[in-house]
Amino acid sequence: MFDDRELWTNIANGNADAFDIWYRETAPRLRLFLRHLLGGEQEAEDVMQETFTQIWRRPHRFDPERGSPRAYLFGVARRQAAEWRRKQKPTDELRVDPPTPSRVEIASMVTEALSRLTLEHRTLLWLREVEGQSYQELATILDVPLGTVRSRLFAAREALRVLWCSARRNSGGRHDL
Amino acid sequence: MICDDAAEYISALCDGETIPATAAQHIGTCPDCQARLGDYLAMGVELRRAASFGLADAVPPRVWAKPQNRLATWWQKGWGTMRIPRVAFAGLIAGILVLASALAVNRARAQNTGTVVLLTTAGPNGPLADCVLSTQDKNQYPCVWYGKVGSRFLAYRVFLVSRDGGRVRLEISTTTYTPGANPGFPESQAGANKYIWFEPGEPLKFNVPQVGTLTLEGEWMDHMPILGTLAPIPNEIRLGRPLLLKDNVVVGDLSRNIGGIYGSDDPGSVFGFYISGEGRFLLSQLPMKGAVEAQVVQGRISFDEGGHSWKLLSGVPVCRADHIWVLHQPDFKPKAIGRNDTNCCYGAKLVQTEPGVWEPQEKPN
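Residues numbered from 1 in each chain as written. Chains lettered and ligands numbered in written order. Predicted model: local features only at pLDDT ≥ 70, side-chain atom pairs only at ≥ 80, totals over all residues.

Asks: Can you walk me through the overall build of chain A in this structure?
Replies: Per the secondary structure count, chain A includes eight helices and zero strands. Listed by position from the N terminus, the elements making up chain A come as α-α-α-α-α-α-α-α. Across chain A, contacts joining residues at least 24 apart in sequence account for 66% of those joining residues at least 6 apart. (Helix = DSSP H or I, 4+ residues; strand = E, 2+ residues; numbered from the N terminus. Contact = placed C-beta atoms within 7 Å.)

Encoded structure:
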């Protein structure tokens, strides 16, 4: 098992095995993140592969002083997703694939509400709540000042809460939990 | 504190942050804020629960090939997506190479296609003189320089004798002299001068006894450059390729003697030239004994003397003043004459012999 520093030393030296270990550890979470960002399975898969390819080709762009490799990975993925969306259409509307049988289970009210948030709010909430990124890492990933992270997180939570509560009322008060 | 103010702190509490005591107190007693806190926590739990399902999907295995050389990748990509025939592309590259090589050849040739050599001479202590030598001008004039180098006074003259491709053959005369005396260069035919092949662009050093090493540097040019500034400096009297007219008839051409610009900015000195049959002419800004006042307009000096009208025409403005003093010595006979029947340039200090009247300190002859 590699620690972060040893891992990046190996990756920076072109060690494909080290990179493959890191890929298998982090790719599932990244793909899930991208799925919620982009809405489609295939788009998430494509952007994820492009993200890993870019890092594999240019590992020296990562600066260990600025955060963890995982934060760097999600930062690159976020930019790749934004670029992909820019090429698709100039809108923040999320196209959500119909849930496949394996995904019906997770199509809860809160994830449904999440898909209706802005791209920035979706990104922020997912990275904080699911990935557990710290304020400092979020500031690096989103390229915003540290003080902005807290206020934006609050705005994102409040937006999600409004949608979620509305959905609960419409469904007769049933709680997802 | 009201609920709206506490709301952002509720969000911070969910992230494990500490909050101000007043906010903490309000949240602890306010049912609405506690409901909001519960909603935020529940949303986080629900998001993580939903994510847990998605993490079960395996990612496709990949092979991480060694990154290729970027240039090779770029070339392969370009070659594969090329939309013009390969032959046309090859022709384009060949054309560019031909044009580039032609340009390189022209640049190389441009170094020796000029007809004028700009010659720079430096002494042991720094630059001495710049001058130009033409390979085409039949009335070739030399580069001549007089001045102090270290503790010695050096007279230095360079003729361009011939040209062979990118190099020129120079005749160089050097001699030391005493201030106020005519340096008197050795005649070319005497064999006392140096003949050297000089290639502009390649510095050339040669030794002058009692003076030190002189360094020649040169550059080919396709035109005659103007050396120095067009406007005279304060107290300066100078001449450039002068022509002397007597009653509107040319009696002296000093273009071979003063090819560039010759002069002095010392108001206490005099300088002049000799023309066979006409004598010597000394120029000064101070009234000399026996001299006449001459009017100066740009490059023209006009004066009447000995019943004749004289004009000295210079290629550059002579001085800032509108008049100078000219002392004509028709009976003057020089001891050393140059190649022609003219001689230049004499110089001497002026001494005041009576109020408002100056005379050359010693005869430069």
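Asks: Explain the interface of chain A and chain B to me, please; I cannot follow it from the model alone.
Replies: Interfaces are frequently sized by the accessible area removed from exposure as the parts join. The interface of chain A with chain B comprises 36 residues on the first partner and 25 residues on the second. Mapped onto the side of chain A that touches chain B, the elements with two or more residues apiece are α2 (16-38), α3 (41-57), α5 (109-114), α6 (119-130) and α8 (146-170) of chain A. With 11 residues, α2(A) is the single largest residue contributor to the side of chain A that touches chain B. Here the side of chain A that touches chain B is composed, by residue class, of 18 nonpolar, four polar and 14 charged. (Nonpolar A, V, L, I, M, F, W, Y, C, P; charged D, E, K, R; others polar.)

Asks: Sorry, what's going on with the confidence of the model for chain B here?
Replies: A low pLDDT score tells you not to read the predicted coordinates there in detail. The predicted model of chain B averages 83 in pLDDT, with 88% of residues at 70 or higher. The complex prediction reports pTM at 0.45, with the ipTM value standing at 0.82. (pLDDT = per-residue confidence, 0-100.)

Asks: Explanation requested: the environment of Trp325(B) in the structure shown.
Replies: Here Trp325(B) is to be found in strand β18 (residues 323-329). When the C-alpha atoms of Trp325(B) and Lys289(B) are compared, they prove to be 9.7 Å apart, with 36 residues separating the residues in sequence.

Asks: Mind showing me how you'd approach the environment of Pro203(B) here?
Replies: All names here are of chain B. Along the polypeptide, Pro203 turns up in the loop between β6 (194-198) and β7 (204-208). Taking the C-alpha atoms as reference points, Pro203 and Gly218, 15 residues apart in sequence, are found 7.3 Å from one another. If sequence neighbours within four positions are ignored, Pro203 has contacts with Thr215, Leu216 and Glu217.

Asks: What's the story with the confidence of the model for chain A in this structure? I'm lost.
Replies: All names here are of chain A. This prediction gives chain A a mean pLDDT of 82; 84% of its residues lie at or above 70. Considering only residues more than four positions removed or in separate chains, one finds that residues 101-106, a stretch of pLDDT under 50, has six contacts. Here residues 173-177 is a poorly scored stretch, pLDDT under 50, and it has 10 contacts once near neighbours within four places are set aside; other chains count.

Asks: Sorry if this is basic, but what is going on with the pairing of strand β13 (residues 269-275) of chain B here?
Replies: Residues and elements named next belong to chain B. Counting buried positions along β13 yields seven of seven residues, so the element is predominantly enclosed. Pairing of β13 with strand β14 (residues 279-284) involves five bridges; the strand directions are antiparallel. Among the inter-strand pairings, Phe271 is bridged to a residue of β14, identified as Leu283. Counting the residues between successive antiparallel strands, the hairpin from β13 to β14 contains three residues, one of them, Gly277, with a positive phi of roughly 90°. (Buried ≥ 20, exposed ≤ 12 C-beta atoms within 10 Å, placed from the backbone. Pairing = 2+ DSSP bridges.)

Asks: For this particular structure, what's the right way to read the nonpolar core?
Replies: Within soluble globular proteins, side chains that are nonpolar generally end up buried alongside one another. Ranked by size, the top nonpolar core spans 56 residues in total, and within it Leu34(A) and Ala77(A) carry the most contacts. Examining the composition of this core, we find that 11 residues originate from one element, α2(A), more than from any other. Core analysis: the next-biggest nonpolar cluster, separate from the first, contains 34 residues, Leu244(B), Trp310(B), Cys319(B) and Trp358(B) among them. (Core = buried A, V, L, I, M, F, W, Y, C linked by C-beta atoms within 7 Å.)

Asks: Would you mind showing me how to read α8(A) here?
Replies: Every α-helix carries 3.6 residues per turn, so stepping three or four residues along brings you back to the same face. Between its first and last C-alpha atoms α8(A) spans 37 Å; for 25 residues at 1.5 Å apiece the expected length is 36 Å, and the two agree. Buried within α8(A) we find Val149(A), Arg152(A), Leu153(A), Ala156(A), Arg157(A), Leu160(A), Arg161(A) and Trp164(A). Where α8(A) is buried, its residues meet α5, α6 and α7 (135-142) of chain A together with α1 (3-14) and α3 (31-54) of chain B. (Expected span 1.5 Å × (residues − 1).)

Asks: Please explain the packing of helix α1 (residues 4-12) of chain A against α2(A) as it appears in this structure.
Replies: How two helices pack is summed up by the angle between their axes together with the distance between the axes. Residues and elements named next belong to chain A. Running from amino to carboxyl end, α1 crosses α2 at an angle of 125°, the nearest separation of the two axes being 7 Å. Here α1 is positioned oblique relative to α2, judged by the angle of their axes. Taken as a pair, α1 and α2 cross one another with a handedness that is left-handed. Contacts from Leu7, Asn10 and Ile11 in α1 reach Ala18, Phe19 and Trp22 in α2. (Axes fitted to C-alpha atoms, helices over the stretch in contact; angles between N-to-C directions. Parallel < 35°, antiparallel > 145°, perpendicular 65-115°, else oblique. Left-handed = near helix turned anticlockwise from the far one by under 90°.)

Asks: Honestly, the packing of α1(B) against helix α2 (residues 21-29) of chain B in this entry has me stumped. Any pointers?
Replies: Residues and elements named next belong to chain B. Where α1 meets α2, the axes come as close as 10 Å, and the angle between the chain directions of the two elements is 95°. Here α1 lies roughly perpendicular to α2, going by the angle between them. Between α1 and α2, the contacting residues are Ala6, Tyr9 and Ile10 on the first element and Ala23, His26 and Ile27 on the second.

Asks: How should I be thinking about the pairing of strand β11 (residues 249-253) of chain B in this particular structure?
Replies: Regular strands have side chains that alternate between both faces of the sheet. Residues and elements named next belong to chain B. In this sheet, β11 lies alongside strand β10 (residues 243-246) in antiparallel orientation, the contact comprising four bridges. Of the residues in β11, the one forming a bridge with Leu244 is Gly252. The antiparallel pairing of β10 with β11 creates a hairpin that spans two residues between the two strands, and Asp247 there sits at a positive phi of about 50°.

Asks: How do you make sense of the sheet that holds β6(B) when you look at a structure like this?
Replies: Hydrogen bonds along the backbone pair up the strands of a sheet, which may run parallel or antiparallel. Residue and element names in this part refer to chain B. Pairing in this open sheet of four strands is antiparallel, and the strands run β3-β4-β5-β6 from one edge to the other. A single partner strand is all that each edge strand has here, and the edge strands are β3 (143-149) and β6. If you compare each strand with its neighbour and ignore which way they point, the axes differ by 30° on average. Across seven bridges, β3 lies against strand β4 (residues 152-164) in antiparallel orientation.

Asks: What am I meant to see in α3(A) here?
Replies: All names here are of chain A. The first and last C-alpha atoms of α3 sit 24 Å apart over 17 residues, in line with the 24 Å expected at 1.5 Å per residue. Among the residues making up α3, those that are buried are Ala44, Val47, Met48, Thr51, Phe52, Ile55 and Trp56. Along its buried surface, α3 packs onto α2 and α4 (69-88).

Asks: Sorry, what's going on with the sheet that holds β7(B) here?
Replies: Residues and elements named next belong to chain B. The sheet built from four strands is open, its strands ordered β2-β1-β8-β7 with antiparallel pairing. Across the chains shown, the open sheet's two edge strands, defined by having one partner strand only, are β2 (126-134) and β7. Shown here is a sheet whose adjacent strand axes are inclined to one another by a mean of 25°, direction ignored. As defined by bridge partners, strand β1 (residues 116-123) adjoins strand β8 (residues 212-221) across seven bridges and the pair is classed as antiparallel. Following the sheet pairing, Val117 is matched in β8 by Trp220.

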